Amino acid sequence: MSLVIPPVILSEEVTQVVDEGGSVIVICQESVSKKGTAVVGKWIYEVVSADKKSRRLLVYKVRNKAETSLTVSGVASKLMLWGFPGLIMPMQKGQAFELYKDGRYTADWRSDT
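So, how was this worked out
Residues numbered from 1 in each chain as written. Predicted model: local features only at pLDDT ≥ 70, side-chain atom pairs only at ≥ 80, totals over all residues. Heavy atoms only, no water. Buried < 20%, exposed > 50% of the residue type's maximum accessible area, 1.4 Å probe, protein only. Helix = DSSP H or I, 4+ residues; strand = E, 2+ residues; numbered from the N terminus. Pairing = 2+ DSSP bridges. Salt bridge = Lys/Arg side-chain N within 4 Å of Asp/Glu carboxyl O. Phe/Tyr/Trp six-rings, centres within 6.5 Å; stacked < 30°, edge-to-face > 60°. Lys NZ or Arg CZ within 6 Å of the ring centre and 35° of its normal.

**Section: the pairing of strand β6 (residues 95-100)**
Successive residues of a regular strand alternate their side chains across the two faces of the sheet.
Then, in step 1: Burial analysis of β6 places 6 of its 6 residues in the buried class, the great majority of the element.
Then, in step 2: Residues Q95, F97 and L99 line one face of β6 and the alternating positions A96, E98 and Y100 line the opposite face, and both faces are buried.
Then, in step 3: Judged from the 5 bridges that link them, strand β2 (residues 23-35) and β6 form a sheet pairing that is antiparallel. Directly across from V24, in β6, lies its bridge partner L99.

**Examining the pattern of salt bridges**
Then, in step 1: Tallying each qualifying case throughout the model produces 5 salt bridges.
Then, in step 2: Residues R55 and E46 are paired through a salt bridge, measuring 3.5 Å at the closest nitrogen-oxygen approach.
Then, in step 3: Between E67 and K78 there is a salt bridge; the shortest N-O distance is 2.3 Å. Note that E67 is positioned in the loop between β4 (55-58) and β5 (68-71) and K78 in helix α2 (residues 72-81), a separation of 11 residues in sequence.
Then, in step 4: Judged by its relative accessible area of 9%, E67 is buried.

**Looking at the pairing of β4**
Then, in step 1: Summarising the sheet, strand β1 (residues 8-9) and β4 pair through 2 bridges and their orientation is parallel. Residue pairing in the sheet places I9 in a bridge with L58 of β4.
Then, in step 2: Note: strand β3 (residues 38-48) against β4, 3 bridges, orientation antiparallel. When the sheet's bridge partners are listed, V48 is paired in β4 with R55.
Then, in step 3: Counting the residues between successive antiparallel strands, the hairpin from β3 to β4 contains 6 residues, one of them, K52, with a positive phi of roughly 65°.

**A look at the packing of aromatic side chains**
Then, in step 1: Inspection of every chain in the model, using the stated rule, returns 2 aromatic pairs.
Then, in step 2: On the numbers, 5.4 Å between centres and 90° between planes, the contact of Y45 with W82 is edge-to-face. Of this pair, Y45 sits in strand β3 while W82 sits in the loop between α2 and β6, placing them 37 residues apart in sequence.
Then, in step 3: Summarising the aromatic geometry, the rings of F97 and Y105 are spaced 5.5 Å apart at their centres and angled 65° between planes, so their arrangement reads as edge-to-face.
Then, in step 4: The side chain of R104 reaches across the aromatic face of Y100, ending 4.3 Å from its centre.

**Here we look at unusual backbone geometry**
Then, in step 1: In this structure, K52 is a non-glycine residue whose phi angle is positive, near 65°.
Then, in step 2: As for its position among the elements, K52 is in the loop between β3 and β4.
Then, in step 3: Judged by its relative accessible area of 44%, K52 is partly exposed.

As structure tokens, this is what we get:
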């Protein structure tokens, strides 16, 4: 039996994909709640190529595990780093937004989260 490794991407490569016309899908895996003064949840990211032929999961460089953000500030920081002009993010488990460099976005729900 062979072990299938899903296509992945590192954070350092995301800006280039976005600049070439690709997009980022922000997926909410844990609905948002308030913890003290922080707004917390759990989000992962998929990066879609400009030609829409590939979708890669963002992973940590060392661990090869899905990179997650646990606060709204964490999501905002990533989106700013990758050059997006604004912030929109899913707030309920299973909701996902696909963001584009020109500020457009699309929303959908995923049953697999």
